Amino acid sequence: MNLHQLRFVREAVRQNYNLTDAAKALFTSQPGVSKAIIELEEELGVDIFTRHGKRIRGLTEPGRLVLSSVELIMQEIDSLKRIGKEYAAQDSGSFTIATTHTQARYTLPKVVQAFMQKYPKVRLSLLQGNPKQIAEMVQRDQADLCIATESIAGMDNLVTLPCYQWEHVVVVPPDHPLLKIKSITLEEVAEHPVITYDAAFAGRSRIDQAFEKRGLKPDVLLEAIDADVIKTYVELGMGIGIIAGMAFDPDRDRNLRAIPAGHLFGMNVSRVAVKQGAYLRSYIYTFIELLAPTLNRKLIEQAMKGEHENYEL
């Protein structure tokens, strides 16, 4: 048994059981991958993959257990490599953050700026996607951590911790009638065409749940992943917008007004997530502390050990 065989098994699954694609991803030959997997199966005495002719189609029951062990072994090997790299260069390396557009556009700029001032030698990458996509990036070791709203909580193999709370706001043109109401209601919001987030983003589920609970069905005219897009169409007079409060800046958004809507849609919690058991370089702890001052290295390490169930903002 060798590490190449384990890598081939893992990559075959990641490439949807296409050995040609697995070989390309690992810069080797398809026959070599196939032979190595067969030799590993013979050594273990079980079939890892189901087959149709020479093509593999999926995992067998023991194959799923083998894959689970392979993932753990490869994760530990990656951790060993990272330990060596960190102690060879404490203030340099690579750091990949996966996040949603809202976090990347409105929350992270100041945090990233402060981080880069502390660690100018670190090569930082930002990947964007919806909450499910960015969680998978961490699970597959394509990113060191991900940041999103509550929808990443409870995902397999991830440790998630709360960073900060935020509420939605309703954005309208300066002369809109909703501005004359002291405390708007869901019924009053539902009287107007609504422009808001796509279902996968920025607490949209809370918006939908609030209306459903009151038996209301708002006219959602347009959905977007980007608050700037939502605000653009509100400025055109096409409807009212519901966006994350962090996405409204009175100085920048001079043609709009924001109405607090926390009493309608509740408070949302943005979270940071890392892979269970992953080795975190020292500057990743620093980044998390810059993002959420309520978190510190000791608390994060406790969470990594499974001691974080009761921690909330």
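A. Inspection of the nonpolar core at higher detail. Counting residues in hydrophobic clusters, the biggest one holds 45 residues, and the most contacted among them are Phe95, Leu145, Ile243, Val272 and Phe287. The dominant element in this core, judged by the number of residues it contributes, is strand β6 (residues 158-172), at seven residues. When neighbours within four sequence positions are excluded, valine 272 is seen to be in contact with Leu145, Cys146, Ile147, Val159, Thr160, Leu161, Cys163, Ile288, Leu291 and Leu295. Val13, Ile48, Phe49 and Leu59 belong to the second-largest nonpolar core, a separate cluster that totals 20 residues.

B. Spotlight on the packing of helix α1 (residues 3-14) against helix α3 (residues 30-44). The interhelical angle for the contact between α1 and α3, taken along N-to-C directions, is 110°, at an axis separation of 9 Å. Taken together, the axes of α1 and α3 lie roughly perpendicular to each other. Taken together, the residues of α3 that come into contact with α1 (itself represented by Gln5, Leu6, Phe8, Val9 and Ala12) are Gly32, Val33, Ala36, Ile37, Glu39, Leu40 and Glu43. For the contact of α1 with α3, the class distribution of residues is eight nonpolar, two polar and two charged.

C. View of the pairing of β6. β6 sits mainly inside the fold: 13 of its 15 residues count as buried. Pairing between β6 and strand β11 (residues 267-275): nine bridges, direction antiparallel. Bridging from a neighbouring strand, threonine 160 pairs with alanine 273 of β11. Summarising the sheet, β6 and strand β9 (residues 240-244) pair through four bridges and their orientation is antiparallel. Opposite valine 169, over in β9, you have isoleucine 243 as the bridge partner. Looking at chain direction, β6 and strand β10 (residues 257-260) are connected through four bridges and run antiparallel. When the bridges of β10 are listed, valine 170 appears paired with isoleucine 259.

D. Up close: unusual backbone geometry. Positive phi values are uncommon outside glycine, yet tyrosine 17 reaches one of about 70°. Tracing the chain through its elements places tyrosine 17 in the loop between α1 and α2 (19-25). In this structure, aspartate 141 is a non-glycine residue whose phi angle is positive, near 65°. Secondary-structure assignment places aspartate 141 in the loop between α6 (131-139) and β5 (145-149).

Rules of the game
- Residues numbered from 1 in each chain as written.
- Predicted model: local features only at pLDDT ≥ 70, side-chain atom pairs only at ≥ 80, totals over all residues.
- Heavy atoms only, no water.
- Core = buried A, V, L, I, M, F, W, Y, C linked by side-chain atoms within 4.5 Å.
- Buried < 20%, exposed > 50% of the residue type's maximum accessible area, 1.4 Å probe, protein only.
- Helix = DSSP H or I, 4+ residues; strand = E, 2+ residues; numbered from the N terminus.
- Contact = heavy atoms within 4.5 Å.
- Axes fitted to C-alpha atoms, helices over the stretch in contact; angles between N-to-C directions.
- Parallel < 35°, antiparallel > 145°, perpendicular 65-115°, else oblique.
- Nonpolar A, V, L, I, M, F, W, Y, C, P; charged D, E, K, R; others polar.
- Pairing = 2+ DSSP bridges.

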